[in-house]
Amino acid sequence: MSLLHTIQLAPADPILGLNESFARDVRQDKVNLGVGVYLDEDGTLPLLECVRIAEGRLTAKKTPHGYLGIDGLPAYIKATRELVFGADAAVLGRVASVQSLGGTGALKVGADLIEQLTPRARFLISTPSWENHRALFTRAGFEVGHYRYYSPELRGIDFPGMIKDLEEAEEGTVVVLHACCHNPTGYDLQPDEWTRVIEVVKSRKLVAFLDMAYQGFGFGIEEDKAVIDRFVEAGLEFLVATSFSKSFSLYGERIGALHVVTQDAGAAAKVLSQLKICIRTNYSNPAKHGAALVAEVLTDPELRQMWEDELGAMRTRIKALRAQLVEELRAEGVTDMDFIADQLGMFSYSGLTREQMVALRTEHGIYGTDAGRMCVAALNSRNIGHVARAIAAVR
């Protein structure tokens, strides 16, 4: 009997499977709004100028390709910690940080740590959430439930429902929260709502796991990390997963980090020792090149400013694309999707049904997820009219 005789064909990943279908589509006017990448006006992945310069510097040094430490490149870890918490933040002395394989890797390493500490913990994710959240934490061995978030009827956040679900969660439940630019909806909590969420997390003794893959895409680097500051001020222990795929356009380098905020430096040292074991028994140590690029940019004042300007330009362009899409939709007679302009980040929860999304793909070559998520950052002046006409046609 073969070891593999019972193996079944797994369903395609909701997003990566879309990319495969898009690649097979021979239509010239096809548009991929499913992939979570920022594309420029030419429809291509940009190489940021700050990254180009940093890469030239690194190449000129002709440094050998040795192993990194288990926790990653020291300069990268220091720079990313300061980006998330602030350069002079007192909390840094009690934060355990490791380089990870993108934001997904940070979530997985964090899950492995939690599984070691509280193997029977329950996770709660928002409805909806990033498609990989449920799969990732389920495969890590946890029961994954949900808390209410987006309401189709309200076309916004069901905040009372969210709070009720958090208040009813058992002590020790891990709550996955989107720090900014909620994926897939584009709807973020307001400051007073975050105040209430933090109160409930603290009073119910929940564990907050913040996913921050889009720092800088909402309002700015400092503004988008404000939620992290609020959790620190509340005196909570919590986890933060970050990614630089989007903000540096370094998708293929898989550059992320995991930060665990503890009560004191002694606890941080213990957590770091356990994180190293989680990494060592998984992929041993992370890759060097992408981390070196990010560290070079963040530690050089001129390159750092160049990066902030380039990131700001991406953020501004996405907001302009949102406004233009609303204008194009209105021109096609669709007057009830103005909310797209109010959402934040790279994604829009369009409110379209699964049937309408399928019709967009099959009849018009417009690819988005069945849940109605579209990547606004993949629009440009050449395809936005086609997208608007297609949406109007399937409604």
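Data block above holds the structure.
Parameters at a glance
Residues numbered from 1 in each chain as written. Predicted model: local features only at pLDDT ≥ 70, side-chain atom pairs only at ≥ 80, totals over all residues. Heavy atoms only, no water. Helix = DSSP H or I, 4+ residues; strand = E, 2+ residues; numbered from the N terminus. Pairing = 2+ DSSP bridges. Axes fitted to C-alpha atoms, helices over the stretch in contact; angles between N-to-C directions. Parallel < 35°, antiparallel > 145°, perpendicular 65-115°, else oblique. Left-handed = near helix turned anticlockwise from the far one by under 90°. Contact = heavy atoms within 4.5 Å. Nonpolar A, V, L, I, M, F, W, Y, C, P; charged D, E, K, R; others polar. Phe/Tyr/Trp six-rings, centres within 6.5 Å; stacked < 30°, edge-to-face > 60°. Buried < 20%, exposed > 50% of the residue type's maximum accessible area, 1.4 Å probe, protein only. Core = buried A, V, L, I, M, F, W, Y, C linked by side-chain atoms within 4.5 Å. Arc of directions from axis to C-beta. Salt bridge = Lys/Arg side-chain N within 4 Å of Asp/Glu carboxyl O. Patch = residues over 30% accessible without salt bridge, like charges linked within 9 Å, V, L, I, M, F, W, Y side chains within 5 Å. Areas by Shrake-Rupley, 256 points an atom, 1.4 Å probe, with all protein chains shown as cover. Polar contact = N/O pair within 3.5 Å; in protein donor to acceptor, adjacent residues only side chain to side chain. Disulfide = S-S within 2.5 Å.

> Just to check I follow, could you spell out the environment of Thr299 for this structure?
With respect to the secondary-structure elements, Thr299 resides in helix α11 (residues 289-299). The sequence separation of Thr299 and Leu92 amounts to 207 residues, and the corresponding C-alpha distance is 17 Å.

> Just to check I follow, could you spell out the sheet that holds strand β4 (residues 143-148) for this structure?
Note: strands within a sheet are paired through backbone hydrogen bonds, in either parallel or antiparallel orientation. One open sheet accounts for seven strands, arranged β2-β10-β9-β8-β7-β3-β4; its pairing is mixed. Edge positions in the sheet fall to β2 (95-101) and β4, since each has one partner strand and no second. This sheet shows a mean twist of 25° between the axes of neighbouring strands, independent of strand direction.

> In this structure, what is going on with the packing of helix α12 (residues 301-331) against helix α14 (residues 384-394)? I would like to understand it.
Helix packing geometry: the angle between the two helix axes and the distance between the axes. Where α12 meets α14, the axes come as close as 9 Å, and the angle between the chain directions of the two elements is 50°. Looking at the two axes, α12 sits oblique to α14. The two elements α12 and α14 meet at a crossing, and its hand is right-handed. Mapping the contact onto sequence places Leu321, Gln324, Leu325, Glu328 and Leu329 in α12 and Ile384, Gly385, Val387, Ala388 and Ile391 in α14. Grouping the constituent residues of the contact of α12 with α14 by class yields seven nonpolar, two polar and one charged.

> How do you make sense of the packing of aromatic side chains when you look at a structure like this?
One pass over the full model with this rule turns up twelve aromatic pairs. Summarising the aromatic geometry, the rings of Phe231 and Phe238 are spaced 5.5 Å apart at their centres and angled 50° between planes, so their arrangement reads as tilted. Assessed through its relative accessible area of 0%, Phe231 is described here as buried. Both rings, one in Phe248 and one in Trp307, keep their centres 4.6 Å apart while their planes meet at 15°; by these two values the pair is stacked. Highlighted residues: Phe248 in the loop between β9 (238-243) and β10 (255-261) and Trp307 in helix α12, separated in sequence by 59 residues.

> Mind showing me how you'd approach the nonpolar core here?
Considering soluble globular proteins, one finds that nonpolar side chains tend to be buried as a cluster. Phe85 and Phe238 are the most contacted members of the largest nonpolar core, which has 108 residues in total. In terms of residue count, α12 provides more of this core than any other element does, nine residues in total. Once you skip the residues sitting within four places of it in the chain, Phe85 turns out to touch Val91, Leu92, Val95, Lys225, Ile228, Asp229, Val232, Phe238, Val240, His259 and Val261. Of all hydrophobic cores here, the second largest spans 30 residues; its members include Ile15, Leu113, Ala140 and Val174.

> Sorry, what's going on with helix α5 (residues 131-139) here?
Counting along an α-helix, one turn takes 3.6 residues, and residues three or four places apart therefore face a common direction. Within α5, burial applies to His133, Leu136 and Phe137. Down the axis of α5, the buried set is contained in an arc of 85°. They therefore lie on one face. Among the structural elements, α4 (102-117), β3 (122-127), β4, β7 (174-178) and β8 (207-212) are those in contact with the buried residues of α5.

> I'm lost on the pattern of salt bridges in this one. Help?
Pairing is possible between side chains of opposite charge, provided their charged atoms come close. For the coordinates displayed, the defined rule picks out 21 salt bridges. Across the pair Lys225 and Glu222 runs a salt bridge whose closest N-O atoms are separated by 3.8 Å. Judged by its relative accessible area of 49%, Glu222 is partly exposed. Put simply, Asp229 and Lys225 hold a salt bridge, and the shortest N to O gap is 3.0 Å.

> What is the right way to look at the packing of helix α2 (residues 49-61) against α11 in this model?
Packing of α2 against α11 leaves a shortest axis separation of 9 Å and a crossing angle of 115°. Of the possible angle classes, the one that applies to α2 and α11 is roughly perpendicular. Both α2 and α11 take part in a crossing whose hand is right-handed. Contacts between α2 and α11 involve Cys50, Val51, Ala54, Glu55, Arg57, Leu58 and Lys61 from the first element and His289, Ala292, Leu293, Glu296 and Val297 from the second. When grouped by side-chain class, the residues that make up the contact of α2 with α11 number seven nonpolar, one polar and four charged.

> In this structure, what is going on with unusual backbone geometry? I would like to understand it.
Of all residues except glycine, most have a negative phi; of all peptide bonds, most are trans. The peptide bond linking Thr127 to Pro128 adopts the cis configuration, its omega dihedral lying at -5°. The topology assignment puts Pro128 in the loop between β3 and α5. Each neighbour pair has its own omega, and for Asn183 with Pro184 the value is 25°, a cis peptide bond. Position of Pro184 relative to the elements: it lies in the loop between β7 and α7 (191-203). With a phi angle near 50°, Cys181 is a residue other than glycine that sits in the positive phi range. Residue placement: Cys181 occurs in the loop between β7 and α7. Using a relative accessible area of 2% as the deciding quantity, one classes Cys181 as buried. For Arg254, which is not glycine, the phi torsion reads 50° and is therefore positive.

> Teacher, can you tell me more about a nonpolar patch on the surface here?
Taken together, Leu3, Leu4 and Ile7 make up a surface patch of nonpolar side chains, about 390 Å² in accessible area. In this structure, Leu4 sits in the segment before α1 (16-24). For Leu4, a relative accessible area of 54% translates into the label exposed.

> Looking at this structure, I do not really get the side chain of His182. What am I missing?
Looking at the element boundaries, His182 is found in the loop between β7 and α7. Looking at His182, its side chain comes within polar contact range of the side chain of Ser126, at 3.0 Å. Those residues in contact with His182, other than ones at most four positions away along the chain, are Ser126, Pro128, Tyr149, Tyr187 and Asp188.

> Before we go on, may I ask you to explain the state of the cysteines in this structure?
Chemically, a disulfide is nothing more than a covalent bond linking the sulfur atoms of two cysteines. Applying the stated rule across the entire model yields zero disulfides. Take Cys50: it sits in no disulfide, and the sulfur closest to it among the cysteines is that of Cys180, at 18 Å. Owing to a relative accessible area of 0%, Cys50 belongs among the buried residues under this scheme. The cysteine Cys181 is free of any disulfide, with Cys180 supplying the nearest cysteine sulfur at 4.4 Å.

These figures come from the coordinates and say nothing about function on their own.
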